[in-house]
Amino acid sequence: MDLLEKARRYEEENRISVKERPVFHVTPTVGWMNDPNGFSVYQGKVHLFYQYYPYDTKWGPMHWGHQVTGDMVHWQECKAALAPDKEYDKDGCFSGSAIETAKGHVLLYTGVAIDKGQERQNQCIAIGDGSEYRKTADNPVVTGEMLPEGFSRRDFRDPKIWKDGDCYYLVAGSRDEHGNGQVVLFSSMDLYNWKYEGVLAHSGGEIGSMWECPDFFSLDGTDVLICSPQDMKAKGFEFHNGNNAVYFLGSYDKERKIFTKGKPVSLDYGLDFYAPQTTCLPDGRRVLIAWMQSWDNPFIPEGQKWKGMMTLPRELAVKNGRLIQTPVRELERYWKNKVSYRNEQIEGERQFEGISGRIVDFTVEILSGSFQEFSVDVAANQEYFTRFTIFKDKGIIEADRTYSGVARDIACIRRARIASSGERLKLRFVMDRNSVELFVNDGEMALSAAIDTPLEAQEIRLACDGSAVVNMEKYDIGL
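Computed from a predicted structure; not experimentally measured.

How each quantity is defined
Residues numbered from 1 in each chain as written. Predicted model: local features only at pLDDT ≥ 70, side-chain atom pairs only at ≥ 80, totals over all residues. Heavy atoms only, no water. Salt bridge = Lys/Arg side-chain N within 4 Å of Asp/Glu carboxyl O. Helix = DSSP H or I, 4+ residues; strand = E, 2+ residues; numbered from the N terminus. Buried < 20%, exposed > 50% of the residue type's maximum accessible area, 1.4 Å probe, protein only. Core = buried A, V, L, I, M, F, W, Y, C linked by side-chain atoms within 4.5 Å. Contact = heavy atoms within 4.5 Å. Phe/Tyr/Trp six-rings, centres within 6.5 Å; stacked < 30°, edge-to-face > 60°. Lys NZ or Arg CZ within 6 Å of the ring centre and 35° of its normal.

A. View of the pattern of salt bridges. For the coordinates displayed, the defined rule picks out 36 salt bridges. In this structure, the salt-bridge partner of Asp155 is Arg154, at a minimum N-O distance of 3.5 Å. Two residues, Asp215 and Lys160, come together in a salt bridge whose shortest N-O distance is 2.8 Å. One end of the pair, Asp215, is in strand S13 (residues 211–219); the other, Lys160, is in strand S9 (residues 156–164), and 55 residues separate them in sequence. Both residues of the pair, Asp215 and Lys160, count as buried. Each member of the salt-bridge network shares a partner with another, and the members are Glu119, Arg154, Asp155, Arg157, Arg175 and Glu212.

Rendered as structure tokens:
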């Protein structure tokens, strides 16, 4: 039995019940999931692949899992798409991307091979029909030997492909001769013969080490580079220790193939967010999805047979020099049981009839008030809660899952500076069984966190150390 058939048989025999997983966030059929891959549109459907190891809830030799959707909320599981079954990818089919072509659905991924203790990462192609994919005889199509002398052959991965006119382009993460992170650019007219074009962006030795999972696109008249730097050190409230996900706004000179980038900015200020990837929908929307986990958060509840999930897909826009993220509008199709309150005064702690639940879309807007701290507890009861606190005078927001049911010594608190300094503050919480995603001020900033709180913790509590006037609106999300 070949490795792909083995994986497919295993996932079919060990498929986890949907009752044991999130309702509308993508999780693996069984086992381990990390980076989103191949986020693309093919024949009118949105396809999402992902780093996948079905045989354990820990990282292992990477396969590609596969799911498809018509609305980015309700996902259909497909059979595993790739397995590490060739000499050039025998140690893993690492991250990559996909594109619709006349040849079919083209997957571009990093093949990893270790020989005599030497690891090589090269870029490979598989072509399929949306269900079955065949690796081409030309693989690998982009090799480390095509890079300038001194650039790493071991850290050269995560190709993101797009087409401009008649030419295909890809960006990939890399390290220079000094070990600094960078993004390199290649071009091709036929997907098989690629030309090295140069370094699109460089860390300057100041923004982490290796730059993983780059993505490059134009949006609202601005060029945007996304990447995931490893090994960062905390910097104020902008970056945290470890692996981050950042974006740069700038301008791209297509003729000279030079990207002039602005300062790095965090994509998400929460506890679990990495390796984002985007796609462009047929209606022109640019949509992002990410792995809602941290590499340094290995905790898994006893008995859980899956590990790792994706964020809700997010629509992107560039406004006032920031990348705005909002939940895909298709989520509204699943809204049920609306409950709303207007001009309610919060003094001390309050709960409201109908404002509760774990699979909900809940918004609270602070209209005015005199206070120092305002907090919202979600997934709460007498024992558990995850708390988001506004420190008004400091202009800080804090996410705290210390009491969410975590039984290991992992990061539980993260703070960030609120992007807007206006009097009004809007907090939109999108919750599923195992997660909370908070969108502040219509997407000016986002905070994501995985939680492992028992489902009986259904309360939503508001608290204020002074007085605040708020509007609230809550919908159940029903699939």
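The structure having been displayed, the exposition proceeds.
B. Inspection of the nonpolar core at higher detail. In this structure, Phe374 and Phe429 are the most contacted members of the largest nonpolar core, which totals 51 residues. Top element by residues in this core is strand S32 (residues 459–477). It accounts for six residues. Leave out the neighbours within four places in its chain, and Phe429 touches Val360, Asp361, Phe362, Val364, Val376, Val378, Phe388, Val436, Glu437 and Leu438. Listed in part, the 42 residues of the second largest apolar core include Met33, Met62, Ala80 and Phe439.

C. Structural detail: the packing of aromatic side chains. A complete count under the given rule lists 23 aromatic pairs for this structure. With a centroid separation of 5.5 Å and 75° between ring planes, the pair formed by Tyr53 and Tyr55 is classed as edge-to-face. With centroids separated by 5.2 Å and ring planes inclined at 80°, the aromatic side chains of Phe216 and Phe259 adopt a geometry described as edge-to-face. In this pair, Phe216 sits in strand S13 while Phe259 sits in strand S16 (residues 258–261), placing the two residues 43 residues apart along the sequence. By relative accessible area, which is 7% here, Phe259 ends up buried. Aromatic ring contacts, followed pair by pair, group Trp162, Tyr169, Phe216, Tyr252 and Phe259 into a single cluster. One Lys or Arg, Lys6, reaches over the ring of Tyr55 and ends 5.4 Å from the middle of that ring. Above the ring of Phe248, the side-chain terminus of Lys261 is found at 5.7 Å from the ring centroid.

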